[in-house]
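# Structural overview for review
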Amino acid sequence: MYKYDQYDQAIVDARVDEFRDQVQRRLAGEITEDQFKPLRLMNGLYLQLHAYMLRVAIPYGTLDGRQMRMLGHIARKYDRGYGHFTTRQNLQYNWIKLNETPDILADLATVEMHAIQTSGNCIRNISSDQFAGAAADEVADPRPWAELIRQWSTFHPEFSYLPRKFKFAVIASDEDRAAMRLHDIGIQLIERDGVLGAKVFVGGGMGRTPMIGPEIKDFVTADDLMSYLEACLRVYNRYGRRDNMYKARIKILVHEIGADEYRRQVEEEFAQVKLLGIDPPAAELARITAMFADPAYDTATADAVDRANANFGVWLDQNVKEHKQPGYAIVNISLKPVGGIPGDASADQIDVMADLATQYSFDELRVTHAQNIVLPHVRKADLYAVWQKLVDAELASANLDLISDIIACPGLDYCSLANARSIPVAQKIATRFASPERQRDLGELKLKISGCINACGHHHAGHIGILGVDKKGVENYQLLLGGSGAEDVSLGKITGPGFSEDGVVDAIERVTDKYVAVREEGERFLDTYRRVGMEAFKEAIYG
Amino acid sequence: MKLLTGNDLPTGDVLWWTGAGWSRHVAEAADVGDDGAPIAAAEEAARRVNGAYVIDATGTANGPRPAHIKDRVRALGPTVRPDLTLKPDDASAIAQVI
């Protein structure tokens, strides 16, 4: 894992001091809310429905046990005993007090964490593959590049006031576990003729105008990548619209001028930027990369797992994934118990996961964009012990990628932007499909719920998506089918008229019943939908 | 009726204007009629409230009921965490929000 150097620590500490002074001035009336709001947002502090909300950055979703324990400590000391893991691989606290925020940021700084650039029109937390460094199918570890982009984008003077917020994802596998093409810039590391480089996709995103990012560069060498990204941002910063926030994202620019013209302008800019020498010296890249070296795997550990316990076997099949290292496995901890709140974890559960990481996973954890947690490097010989401890902590739901593994934004229960509640809908769906056998029979089915058009719950990318809207003051839910955030990326389509809270649960059951009735051998729900089309499902839904 | 609501500056708690000050309980909120804007301006200037705004509500036997669900959720707390609402022991409270 990356460890702060003196510069990292100094700028984070300085930011804490700066924000402490800004908070004091606000509380003393020396600055107005209009003056203060952009300052607190730059530090991830929002004012939501019930209280301030603090969004803590977890760079590319990677953290260690010490950092995870700090998240639990803050939940316990400053919040109400829990935190919410987000689709940006971050963590949000819902009950923060303004006057305590500087102390929280100071606590975070002691473990090399912060909330910088988790809001505002800047480059946000870099997201990545939660299996990075552990997956067998990656050409390189994407984390050193994600870290490099983090350093480049932190306080970048040119890109601190972009037309709109800006999100990166970096992956290094053909299997896309990070919704890469639904980011402003998506990067897939690839090799060509033995040379490491990247495909670059620009102009993807969800929100009110969902778009799949077109490929802008089929191969840029790793040596040129940072210059190329700088060029991409410069063209956006120059021509992205600032007159209309709804048309200010880079996806609108790329769509309006066309991918070819955007590409041409980036190439032109790149020719200039490359002369500036911003690509990292080999020694610096090597320094960063070395921090992501493989842990000291036990090469003598057994590869077999005793599956005598049936419940353990079910969890093993559903939540544990292949690791590149023989004798090891990737453990997915579902934060989606039936009837629970997707992504929420209590301080005690956070501590349990931290301790499991320390004891069993080389002290490392990952947060996934699906609001789950990963222990990336667990000996197969330890899987049963890990599972037992997860059971004790009510963290052993064996539902990864099944219908109850629902992504849901905080919705109208917490968020001031939301038009409808998301969490109760997720709870009702999970409860309706609570039978583990039924869930496994339905197979991979990614259900995603947003409480407003901003799409924090990724509803456009759900095999089944739900969008909560306000219909004359009453919550109403639109249903979408056919989306995917994976390598077979697609955007869901609205089925037709919306539903009440209970009505949408019934509608989903009609959709899954239809799927079960018409599916062919080996087809996932998404495969069946793509084969038979929307009309068959509309007929099932609306009669 | 019209209610004036906002958040406490240091804590972020939801506040309701009672006619003489601020309460955390919507049941104590007063009808501000057309006076919401000047009250909000004066109270914000004194830093007794943050982000104050006027909402529509109706009078009920239990006190004012905000017209929009968003403000009813604000008034009670998250419907998915009854233990964290202002009425953790009232099993009917969430149904009244919805």
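Calculation criteria
- Residues numbered from 1 in each chain as written.
- Chains lettered and ligands numbered in written order.
- Predicted model: local features only at pLDDT ≥ 70, side-chain atom pairs only at ≥ 80, totals over all residues.
- Helix = DSSP H or I, 4+ residues; strand = E, 2+ residues; numbered from the N terminus.
- Rg over C-alpha atoms; globule rule 2.2 N^0.38 Å.
- Contact = placed C-beta atoms within 7 Å.
- Axes fitted to C-alpha atoms, helices over the stretch in contact; angles between N-to-C directions.
- Parallel < 35°, antiparallel > 145°, perpendicular 65-115°, else oblique.
- Nonpolar A, V, L, I, M, F, W, Y, C, P; charged D, E, K, R; others polar.
- Expected span 1.5 Å × (residues − 1).
- Buried ≥ 20, exposed ≤ 12 C-beta atoms within 10 Å, placed from the backbone.
- Arc of directions from axis to C-beta.
- Pairing = 2+ DSSP bridges.
- Left-handed = near helix turned anticlockwise from the far one by under 90°.
- Core = buried A, V, L, I, M, F, W, Y, C linked by C-beta atoms within 7 Å.
- Domains from an automatic or database assignment.

Here we come to the overall build of chain B. When helices and strands are tallied, chain B shows 3 helices and 5 strands. The secondary structure elements of chain B, listed N-terminal to C-terminal, are β-β-β-α-β-β-α-α. Here the C-alpha radius of gyration of chain B, 13 Å, is about what a compact globule of 98 residues would show, namely 13 Å. Taken along the three principal axes of its C-alpha coordinates, chain B extends 40 × 30 × 20 Å. Put simply, 43% of the contacts in chain B that link residues at least 6 apart link residues at least 24 apart.

Let us now look at the packing of helix H3 (residues 65-77) of chain A against helix H11 (residues 347-360) of chain A. Residue and element names in this part refer to chain A. Between H3 and H11, whose axes approach to 8 Å, the crossing angle comes to 170 degrees. As summarised for this structure, H3 and H11 are arranged roughly antiparallel, according to the angle between their axes. Contacts between H3 and H11 involve Gly-65, Met-68, Arg-69, Leu-71, Gly-72, Ala-75 and Arg-76 from the first element and Ala-347, Ile-350, Asp-351, Met-353, Ala-354, Asp-355, Ala-357 and Thr-358 from the second. The residue inventory of the contact of H3 with H11, partitioned by class, reads 8 nonpolar, 3 polar and 4 charged.

Time to look at helix H8 (residues 259-273) of chain A. All names here are of chain A. For H8, with 15 residues, the first-to-last C-alpha span of 20 Å sits near the 21 Å given by 1.5 Å per residue. The complete set of buried residues in H8 reads Tyr-262, Arg-263, Val-266, Phe-270 and Val-273. Looking straight down H8, one finds that the buried residues subtend no more than 95 degrees of arc, so they occupy a single side. What points out from H8, more than 90 degrees from its buried face, is the exposed set Asp-260, Glu-268, Ala-271 and Gln-272. Buried residues along H8 sit against strand E9 (195-202), strand E10 (215-221), helix H6 (225-239) and helix H7 (250-257).

With that settled, consider the sheet that holds strand E18 (residues 464-471) of chain A. All names here are of chain A. Read from one edge of the open sheet, 5 strands run E16-E17-E18-E19-E20, paired in mixed fashion. Edge positions in the sheet fall to strand E16 (407-408) and strand E20 (493-494), since each of these pairs with one other strand and no more. Direction of pairing for strand E19 (residues 474-481) relative to E20: antiparallel, over a ladder of 2 bridges. Within E20, the position partnered with Leu-481 by the bridge is Lys-493.

Residue and element names in this part refer to chain A. Within the secondary structure layout, Gly-443 lies in the loop between helix H14 (436-442) and strand E17 (447-450). Classification of Gly-443 as partly exposed rests on a count of 17 C-beta atoms within 10 Å. Spatially, the C-alpha atoms of Gly-443 and Phe-525 are 7.6 Å apart, while their sequence positions differ by 82 residues. Excluding residues that lie within four positions of it along the chain, Gly-443 makes contacts with Arg-524 and Phe-525.

Moving on, we come to the sheet that holds strand E14 (residues 364-367) of chain A. Residues and elements named next belong to chain A. Read from one edge of the open sheet, 5 strands run E3-E14-E15-E12-E11, paired in antiparallel fashion. Of all the strands in the sheet, just strand E3 (62-64) and strand E11 (320-322) have a single pairing partner and so form its edges. Each neighbouring strand pair of the sheet contributes to a mean axis angle of 30 degrees, computed without reference to strand direction. Relative to strand E15 (residues 373-379), E14 runs antiparallel, the two sharing 2 bridges. Bridging across to E15, Arg-366 finds its partner in Val-374.

The next thing to look at is the environment of Leu276(A). Relative to the helices and strands, Leu276(A) resides in the loop between H8 and helix H9 (282-290). Residues Leu276(A) and Arg307(A), 31 residues apart in the sequence, show an inter-C-alpha distance of 58 Å.

Residues and elements named next belong to chain A. Following both chains from N to C, one finds H6 and H8 inclined at 125 degrees, their axes separated by 8 Å at the closest point. By the angle class used here, H6 and H8 are oblique. Crossing angle aside, the handedness with which H6 passes H8 is right-handed. Only Tyr-262, Gln-265, Val-266, Glu-269, Phe-270 and Val-273 of H8 make contact with H6, whose side of the interface consists of Ser-227, Tyr-228, Glu-230, Ala-231, Cys-232, Arg-234 and Val-235. Per-class residue counts for the contact of H6 with H8 are 8 nonpolar, 2 polar and 3 charged.

As a further point, take the interface of chain A and chain B. On the chain B side, the residues contacting the 21 residues of chain A number 20 residues. Considering only residue class, the side of chain A that touches chain B consists of 11 nonpolar, 4 polar and 6 charged.

Across soluble globular proteins, nonpolar side chains show a tendency to be buried alongside one another. Residues and elements named next belong to chain A. Ranked by internal contacts, the top residues of the largest apolar core, which has 114 residues, are Val-170, Val-200, Val-202, Cys-232, Ile-429 and Val-504. Broken down by element, the residue count for this core peaks at 9 residues, all from H6. Each of domain 2 (134-290) and domain 4 (407-542) gives at least three residues to this core. Core analysis: the second largest hydrophobic core is formed by 68 residues, Leu-47, Leu-63, Ala-115 and Ile-373 among them.

Residues and elements named next belong to chain A. Positioned with a positive phi, Tyr-60 is a non-glycine residue whose angle comes to about 45 degrees. Inspection of the secondary structure puts Tyr-60 in the loop between strand E2 (52-56) and E3. The backbone of Glu-394 shows a phi angle near 55 degrees, a positive value even though the residue is not glycine. Positionally, Glu-394 belongs in the loop between helix H12 (383-392) and E16. You can call Glu-394 partly exposed: it has 13 C-beta atoms within 10 Å.

As a further point, take the environment of Gly473(A). When you line up the elements, Gly473(A) lands in the loop between E18 and E19. Through-space distance from the C-alpha of Gly473(A) to that of Gly61(A) is 37 Å; in sequence the pair is 412 residues apart. Excluding residues that lie within four positions of it along the chain, Gly473(A) makes contacts with His68(B) and Ile69(B).

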